[in-house]
Amino acid sequence: MTGSGPATGLAPRLPAGGEAVVTPWARCALLYLFLFLMGAETFLVSPLLPTIATDLRVSTGAAAQVVTAYVLTYAVAAPLLGGFSDRFPRRFFITVGGVLFVGGNLLCATADSLTALTAARALTGLGGATAAPAIWAYLSESAAPHQRGRAVATGVSGYALGQVLGVPLGGLLSDAAGWPWTFAAVGAGLAPVVLLIGWRLKGPRPTAASTSPLAGFAVWRQRRLALPLLSTGFLQAGRLGAYTFVGALFAERYGYDTARLGLIGLLVGAGSLTGSVLLGQLSDRARRRGIGENVLSAGCALLFVGASVVALLSTAAAVSLAAVFVWMVAGGAFYTSQQTYLGGADPARRASVISWNGTLDHLGVALGTALLSPWAVAGPGFVAVTAVLGLTAAALSATAARRAAG
């Protein structure tokens, strides 16, 4: 692979060994802005569902299919596109995905029926599945080795910040101008970013072994990749699956109203941001000492187990809130550790591997919600299932770490 541009911080410089020696922070900043807007859009729909249902004259349950359309399209398309993505410059797939993402949001803004809105959300999910793996791959391969954790962690932080700010800002815009304008704002904000990415983003050209759409499935033949990917699925099943019911827990146990439940959302976002930032700093230092990301992931999973058990069993609101914060710190740190490891574990198939991480992320949430739904919220069965999911993730990461060390 070859690099391009001078060592100004605008483009990665690659020596003969193929590792960047200068992190292109200016160009990474464009990707961070893309991730911020993508994060803002991800959770935008849920609080708008009642309003959308009323305007389109359907039930809230029926309107929820617009959420499913995005998640399902992303989960299915990402690994299929990953095999192709590793054959093209990252700029190409990021730009194409950005165009689809912008187009999907603009179509959401003009949708006058549930069918049209669902199709537009599916197109948006396809855009995310096209762009996101290439974005994470670029951040991993363009960063200097001693800054890879920081480069990826900043991306995770930008995405999480978008999720935190997207819901309240989207709600304010919806109240002021109507829900279509929230989608229009995301599309309008991302359009110039995509243009700049298409113009300015440069870097090494990946060289995958195959152009087959099934090439991405080859990652499951390698345990050093399969075990961490499965770990992502189980951790997210426990972390976000259980979090789905946290609002009901605080409403029932502590009498929280809607306003105070909204503040919990800010606490959750702050925890995820804190975890991703801390892990970004820690992983670069740990790597220099010979400690791999899988070890850090296992530790984060165990921290999640402890925090979630305390949050679910405590009868003191302050203790539960503090534990939820630590719960999300652990989750944000775990996700950052996984993205950092998987982004560098197989340089020839970076996008393929990371696309599967995104798919397991989405599928994990669905799995966790399904497994926890039959149990009483915060009852013994609920707590046990949550803990087992986290412990399974820790065991998988620890096993991957031992295999790497042995």
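See the structure above.
Owing to the predicted nature of the structure, the values given are computational and were not obtained by experimental measurement.

What counts and what doesn't
- Residues numbered from 1 in each chain as written.
- Predicted model: local features only at pLDDT ≥ 70, side-chain atom pairs only at ≥ 80, totals over all residues.
- Heavy atoms only, no water.
- Helix = DSSP H or I, 4+ residues; strand = E, 2+ residues; numbered from the N terminus.
- Rg over C-alpha atoms; globule rule 2.2 N^0.38 Å.
- Buried < 20%, exposed > 50% of the residue type's maximum accessible area, 1.4 Å probe, protein only.
- Contact = heavy atoms within 4.5 Å.
- Areas by Shrake-Rupley, 256 points an atom, 1.4 Å probe, with all protein chains shown as cover.
- Lys, Arg positive; Asp, Glu negative; His and termini not counted.
- Charge placed at Lys NZ, Arg CZ, Asp CG, Glu CD.
- Phe/Tyr/Trp six-rings, centres within 6.5 Å; stacked < 30°, edge-to-face > 60°.
- Salt bridge = Lys/Arg side-chain N within 4 Å of Asp/Glu carboxyl O.
- Axes fitted to C-alpha atoms, helices over the stretch in contact; angles between N-to-C directions.
- Left-handed = near helix turned anticlockwise from the far one by under 90°.
- Nonpolar A, V, L, I, M, F, W, Y, C, P; charged D, E, K, R; others polar.
- Parallel < 35°, antiparallel > 145°, perpendicular 65-115°, else oblique.
- Polar contact = N/O pair within 3.5 Å; in protein donor to acceptor, adjacent residues only side chain to side chain.

(A) Spatial organisation of the overall build of the protein. Looking only at helices and strands, the protein features 15 helices and zero strands. A compact globule built from 406 residues should have a C-alpha radius of gyration of about 22 Å, and the protein, at 20 Å, falls within 12% of that. The C-alpha extent of the protein, read off along each of the three principal axes, is 60 × 50 × 35 Å. Taken across its 406 residues, the protein has 53% of its residues classed as buried. Counting contacts in the protein only where the partners sit at least 6 residues apart, residues at least 24 apart contribute 80% of the total. Carbon and sulfur atoms make up 68% of the accessible area of the protein, which totals about 16000 Å². Each charge class in the protein can be summarised by its mean position, and for the 26 positive and 13 negative side chains these summaries are 13 Å apart.

(B) Inspection of the packing of aromatic side chains at higher detail. Summed over all chains, the structure comprises 13 aromatic pairs. Geometrically, the ring pair formed by Trp 179 and Phe 183 is edge-to-face, given 6.1 Å between the ring centres and 85° between the ring planes. We classify Trp 179 as buried; its relative accessible area is 3%. Accessibility expressed as a relative area gives 1% for Phe 183, which makes it buried. Between Phe 304 and Trp 327, the ring centres sit 5.8 Å apart and the planes meet at 65°, which makes this aromatic pair edge-to-face. With Phe 304 in helix H12 (residues 293–313) and Trp 327 in helix H13 (residues 317–345), this residue pair connects regions lying 23 residues apart in the sequence. As far as burial versus exposure is concerned, Phe 304 and Trp 327 are alike and both buried.

(C) Layout of the pattern of salt bridges. Here the structure, examined in full by the defined rule, presents seven salt bridges. A salt bridge links Glu 41 to Arg 121; its shortest N-O distance comes to 2.3 Å. Residue Glu 41 is found in helix H1 (residues 25–42), and its partner Arg 121 is found in helix H6 (residues 114–142); the two are separated by 80 residues along the sequence. For the pair shown, Glu 41 and Arg 121 are each scored as buried.

(D) Up close: the packing of H1 against H6. Orientation of H1 relative to H6, taken along the N-to-C sense of each, is 145°, at an axis distance of 11 Å. Crossing geometry of H1 relative to H6 is assigned as left-handed. Where H1 approaches H6, its residues Arg 27, Cys 28, Leu 31, Tyr 32, Phe 34, Leu 35, Met 38, Glu 41 and Thr 42 are matched on the opposing element by Arg 121, Thr 124, Gly 128, Ala 131, Ala 132, Ile 135, Trp 136, Tyr 138, Leu 139 and Ser 142. Residues that form the contact of H1 with H6 fall into these classes: twelve nonpolar, four polar and three charged.

(E) Summary view of the packing of helix H9 (residues 223–243) against H12. Between H9 and H12, the least distance of the axes is 11 Å, while the angle of their chain directions is 20°. Taken as axis vectors, H9 and H12 run roughly parallel relative to one another. Regarding H9 and H12, the two cross each other, and that crossing is left-handed. Contacts between H9 and H12 involve Pro 228, Leu 235, Gly 238 and Arg 239 from the former and Asn 294, Ala 301 and Phe 304 from the latter. Its residues assigned to classes, the contact of H9 with H12 comprises four nonpolar, two polar and one charged.

(F) Fine view of the side chain of Thr 359. The residue Thr 359 is located in helix H14 (residues 350–372) in this model. Assessed through its relative accessible area of 3%, Thr 359 is described here as buried. Within polar-contact distance, the side chain of Thr 359 engages the backbone oxygen of Ala 75 at 2.9 Å. Sequence-distant contacts of Thr 359, that is, excluding residues within four places in its chain, are made with Tyr 74, Ala 75, Ala 78 and Pro 79.

(G) Structural detail: unusual backbone geometry. With phi around 60°, Arg 57 is a residue other than glycine that occupies positive phi space. With respect to the element layout, Arg 57 can be found in the loop between helix H2 (45–56) and helix H3 (60–63). According to the relative accessible area criterion, Arg 57 is exposed, its value standing at 74%. Located in the positive-phi region is Ala 378, a residue other than glycine, with phi close to 65°. Position of Ala 378 among the secondary structure elements: in the loop between H14 and helix H15 (380–405).

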